[in-house]
Amino acid sequence: MHRIVFLGPPGAGKGTQAATLAQALGIPHLSTGDLLRAAVAAHTPLGLAAEEHMRAGRLVPDSLVLEILEERLARDDATRGFLLDGFPRNLAQAEALDRKTTLDVVVAFEVPTEVLLPRLTGRRTCPTCRAVYNIVTQPPRVPDHCDHDGTLLVQRPDDRPEAVGTRLEVYRSETSPLLRYYTVRGLLRPIDATGDPAAVGVRVRAAVG
Ligand code: AMP
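Let me sum up the structure you'll find in this document. Keep in mind the model is a prediction, meaning the values are calculated, not measured.

### Concerning the overall build of the protein chain
Scanning the protein chain from N- to C-terminus turns up 9 helices and 7 strands. Here the protein chain has a C-alpha radius of gyration of 16 Å; the compact-globule value for 209 residues is 17 Å, and the two agree. The principal-axis extents of the C-alpha atoms in the protein chain amount to approximately 45 × 40 × 35 Å. A total of 209 residues make up the protein chain; the buried ones form 45% of that total. Expressed as a percentage of contacts within the protein chain between residues at least 6 apart in sequence, the contacts between residues at least 24 apart total 67%. When the accessible area of the protein chain is evaluated, it comes to approximately 10600 Å², of which 55% is carbon and sulfur surface. Mean positive and mean negative side-chain charge positions of the protein chain (25 and 25 charges, respectively) differ by 3 Å.

### What to know about the packing of aromatic side chains
As enumerated under the stated definition, the model contains 2 aromatic pairs in all. Plain terms: the ring middles of Tyr 181 and Tyr 182 are 5.0 Å apart, the flat faces sit at 90 degrees to each other, and that makes the pair edge-to-face. Tyr 182 shares its class with Tyr 181; the two are buried. Over the ring of Tyr 181 we find Arg 185; its NZ or CZ atom is 3.6 Å from the centre of that ring.

### Digging into the nonpolar core
In terms of nonpolar packing, the biggest core is built from 31 residues, with Leu 36, Leu 84, Leu 103, Val 106 and Tyr 182 touching the most fellow members. Counting residues per element, the ones that place at least two in this core are β1 (2-7), α2 (32-41), α3 (45-56), α4 (62-73), β3 (81-85), α5 (91-100), β4 (105-110) and α8 (177-184). Examining the composition of this core, we find that 6 residues originate from one element, α4, more than from any other. Beyond its immediate sequence surroundings of up to four residues, Leu 36 is in contact with Leu 46, Ala 50, Met 54, Val 60, Val 65 and Ile 68. Within the second largest apolar cluster, 22 residues are counted, among which are Ile 27, Val 107, Leu 120 and Val 208.

### Observations concerning the site of the ligand
The environment of the ligand is made up of 16 residues, and the closest members are Thr 32, Arg 37, Arg 58, Gly 86 and Gln 93. One of the side-chain nitrogen or oxygen atoms of Arg 89 is found 3.1 Å away from an oxygen atom of the ligand. The contact in question runs from an oxygen atom of the ligand to an N or O atom on the side chain of Arg 156, over 3.0 Å. In isolation the ligand offers 480 Å² of accessible surface; the protein chains occlude 95% of this area. At 4 residues, the largest contribution of residues to the shell around the ligand is made by α2. Of the residues belonging to the shell around the ligand, the class tally is 6 nonpolar, 4 polar and 6 charged.

### Points about the sheet that holds β4
Across a sheet, paired strands are connected by hydrogen bonds in the backbone, their directions being either parallel or antiparallel. Pairing within the open sheet is parallel, and its 5 strands lie in the order β2-β3-β1-β4-β7. The open sheet has two edge strands with one neighbour each: β2 (29-31) and β7 (188-192). Pairwise comparison of adjacent strand axes, ignoring direction, gives a mean angle of 25 degrees for this sheet. Running at roughly 170 degrees to β1, helix α1 (residues 14-25) makes contact with β1, β2, β3 and β4 of the sheet.

Procedures and definitions
Residues numbered from 1 in each chain as written. Predicted model: local features only at pLDDT ≥ 70, side-chain atom pairs only at ≥ 80, totals over all residues. Heavy atoms only, no water. Helix = DSSP H or I, 4+ residues; strand = E, 2+ residues; numbered from the N terminus. Rg over C-alpha atoms; globule rule 2.2 N^0.38 Å. Buried < 20%, exposed > 50% of the residue type's maximum accessible area, 1.4 Å probe, protein only. Contact = heavy atoms within 4.5 Å. Areas by Shrake-Rupley, 256 points an atom, 1.4 Å probe, with all protein chains shown as cover. Lys, Arg positive; Asp, Glu negative; His and termini not counted. Charge placed at Lys NZ, Arg CZ, Asp CG, Glu CD. Phe/Tyr/Trp six-rings, centres within 6.5 Å; stacked < 30°, edge-to-face > 60°. Lys NZ or Arg CZ within 6 Å of the ring centre and 35° of its normal. Core = buried A, V, L, I, M, F, W, Y, C linked by side-chain atoms within 4.5 Å. Near = heavy atom within 4 Å. Polar contact = N/O pair within 3.5 Å; in protein donor to acceptor, adjacent residues only side chain to side chain. Nonpolar A, V, L, I, M, F, W, Y, C, P; charged D, E, K, R; others polar. Pairing = 2+ DSSP bridges. Axes fitted to C-alpha atoms, helices over the stretch in contact; angles between N-to-C directions.

The structure is reproduced here in structure tokens:
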């Protein structure tokens, strides 16, 4: 059974690594950011309530995030394990998660702050298949178009420079205290998340065991 959390600042590469690892382990990749973006796109009441917070780079209120996550964790495929990417983001969420399940490992992605900014502002995503590119370090073969399905790539609204500073500050003040929370519980496995995705993937797999 693998019950895994990926912890790290925005732009650390959690989503890219999560997609690969979850597939290799046969467990669902649960990204609260993806779940929230889907709710926004579908114009659900929850999506409407979350949208402004996301656009500004702030955390969405805990009650909304917990609602969307609980619904997803209750589905059959999550009973054999899961990989949480982007949750928990503060102490209240970590405590709520502890009341629901027992974790096996928390992988902490370590990246110097100066590397994060260009990763975030250069990020482009495929709205069809969720593939992630970077216009500088991981460009698609045809500029602005997805390698897999040719869809025009988009920039997330919260990857614009106005929101990126807020997201990094929110990570520092609200999320980074979780490093200590999970160290105390003996769950934290820090990894060097610099370098190309394949090299980072080797470290991630070693950390998960
Ligand atoms: P991400 O894709 O993980 O970078 O998340 C994008 C945005 O969704 C964040 O900047 C928050 O506004 C919101 N979000 C995602 N996960 C959470 C969470 N666990 N708690 C609060 N807000 C979240």
